[in-house]
Amino acid sequence: MAGDGALMEAEAHYFFPPASAFRLNECLYRLKSDGAFRARYLADAEAAMIELGLDAPTRAALRGFDRDRLVGLGAHPYLVFMAGLRLRMEREPEAFERF
Amino acid sequence: MPLVAAFACAHTPQLLLRPPTEDRALVLRVHAAFTEVRRRLAALACDAIAVVAGDHIEGFFLDAVPALGVFVGAEASGEFGPYRYALPVHEPLARAILTDGIERGFDLVYSQSLRLDYAFYVPLHFTMPEPAVPIVPLYVNVYLPPQPTPRRCHAWGEALRACLDGRPERVALIASGGMSHFPGTDRYADPDFEFDRRLLQALADGRGRETARLTGEELDKTGNVELRTWITLLGAVGDARAELLCYEPSWHHGNAVVAWPVTAR
């Protein structure tokens, strides 16, 4: 970690994504944007997460999909939001009115 | 003919796919404002629509995060849930903006192969006239710090206007984003509507230039990181007074649709 600039970034709602969270953010990104990966995740989340090389604590956080915990690990908040919404759109398509 | 119209609007996905958490009447009121934009775009008979939008980490992931960019492919395509879209790009205009922008000192990234984010698509879904008009997608990084400063976005908008003023096409400009919202954060249900209202008043007064003095920290604190797209547009429209077509605050989002009169310079 660097100096004051890094501290300010840590306090921002949309903070710099730490390199340590790259795999986690990649998983959220692919849940959001990669339909084939999202289908594999919905079929077998554990296998899909292992495919991306996620460690056990990260996999546990994703299983619970708790926003605060994921963001605490360095997940980008928007990716958490939209990955969750895309999973819900797949699981409950009838819940959404289409315009 | 240069810039002939300018609009800014929200693009929240719940306007396209409404879950039960969203007030249907509110969503329809925003749609009505989009319909008014569509009517105006049709009447203007423009040759292209340049859309300034933030990328929701869709076209660009962490392998490359450009501050400002232009899509110069033949067609811009993407998907969002059940929606699949492919929009023709006005290639001569896209290339001119890219080349002219570089000449004017903006080190723009360009791409011919990107998934078009729904931030571009949602406004076009509701406002694209018939027959459809080709687009030019203009990227601004809004979600991955460090983002371009409001000052830089405003300057880019000024340069964009100068470029458009030298072109033969009749171009409409749409800024897609905002207003206050905090997706994925603990402030999601607590947007800063007071900031939005003060800002809308400033825009109605023709004081859009003041947005160039905002800081990135202020935008983050008020849920307005996406306002960078509007600030870019404000650089292009100068001191024109905004016309508010709607401002509909939902439980998580300040949904605004705004128009600016554009006169030849």
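See the structure above.
Treat the numbers as computed from the prediction; the structure is a model and nothing was measured.

Undergrad: Give a detailed account of the packing of aromatic side chains, specifying residues and quantitative values.
TA: Taken as a whole and judged by the stated rule, the model has 16 aromatic pairs over all chains. Considering the side-chain rings of Tyr78(A) and Phe81(A), the 6.0 Å spacing of their centres and the 50 degrees angle between planes classify their relative orientation as tilted. With Tyr78(A) and Phe81(A) both in helix α7 (residues 77–91) and three residues apart, this pair spans about one turn of that helix. A single burial state applies to Tyr78(A) and to Phe81(A), both of which are buried. Ring centres 5.4 Å apart and planes at 45 degrees place the aromatic pair Phe106(B) and Trp156(B) in the tilted group. Of this pair, Phe106(B) sits in the loop between α2 (91–103) and β7 (109–111) while Trp156(B) sits in helix α4 (residues 150–165), and the two are 50 residues apart along the sequence. Here Phe106(B) and Trp156(B) have matching classes, each one buried. Within the aromatic cluster, the residues linked to one another by ring pairs are Tyr14(A), Tyr78(A), Phe81(A), Tyr143(B), Tyr188(B) and Trp251(B). Lying across the ring of Phe80(B), Arg86(A) places its NZ or CZ 5.0 Å from the centre. Sitting over the face of the ring of Tyr83(B), Arg98(A) holds its NZ or CZ atom 4.6 Å from the ring centroid.

Undergrad: Mind laying out the sheet that holds strand β1 (residues 3–9) of chain B, listing which residues take part and the relevant values?
TA: Residue and element names in this part refer to chain B. The strand order across the open sheet formed by eight strands is β7-β4-β8-β3-β9-β1-β11-β10, and the pairing between neighbours is mixed. The sheet is open, and its two borders are formed by β7 and β10 (243–249), each paired with just one other strand. Strand-to-strand twist across the sheet, computed as the mean angle between neighbouring axes with direction ignored, equals 15 degrees. Judged from the four bridges that link them, β1 and strand β11 (residues 254–260) form a sheet pairing that is antiparallel. Its bridge partner lying in β11, alanine 6 is registered against tryptophan 260. Against the sheet, α4 engages β1, β4 (68–71), β8 (135–140) and β9 (171–176), with an angle of about 150 degrees to β1. Sheet strands touched by helix α7 (residues 227–237): β1, β3 (48–54), β8, β9 and β11. Its angle to β9, the strand with the most contacts, is close to 150 degrees.

Undergrad: Can you lay out the packing of α2(B) against α4(B) for me, pointing to particular residues and giving the numbers?
TA: Residues and elements named next belong to chain B. With their axes 10 Å apart at the nearest point, α2 and α4 run at an angle of 125 degrees to one another. Between α2 and α4, the interaxial angle falls into the category oblique. Seen along the crossing, α2 lies across α4 with a hand that is right-handed. Of α4, the residues touching α2 (which contributes Leu93, Ala96, Ile97, Asp100 and Gly101) are Trp156, Ala159, Leu160, Cys163 and Leu164. Class assignment of the residues belonging to the contact of α2 with α4 gives a composition of eight nonpolar, one polar and one charged.

The rules we used
- Residues numbered from 1 in each chain as written.
- Chains lettered and ligands numbered in written order.
- Predicted model: local features only at pLDDT ≥ 70, side-chain atom pairs only at ≥ 80, totals over all residues.
- Heavy atoms only, no water.
- Phe/Tyr/Trp six-rings, centres within 6.5 Å; stacked < 30°, edge-to-face > 60°.
- Helix = DSSP H or I, 4+ residues; strand = E, 2+ residues; numbered from the N terminus.
- Buried < 20%, exposed > 50% of the residue type's maximum accessible area, 1.4 Å probe, protein only.
- Lys NZ or Arg CZ within 6 Å of the ring centre and 35° of its normal.
- Pairing = 2+ DSSP bridges.
- Axes fitted to C-alpha atoms, helices over the stretch in contact; angles between N-to-C directions.
- Contact = heavy atoms within 4.5 Å.
- Parallel < 35°, antiparallel > 145°, perpendicular 65-115°, else oblique.
- Left-handed = near helix turned anticlockwise from the far one by under 90°.
- Nonpolar A, V, L, I, M, F, W, Y, C, P; charged D, E, K, R; others polar.

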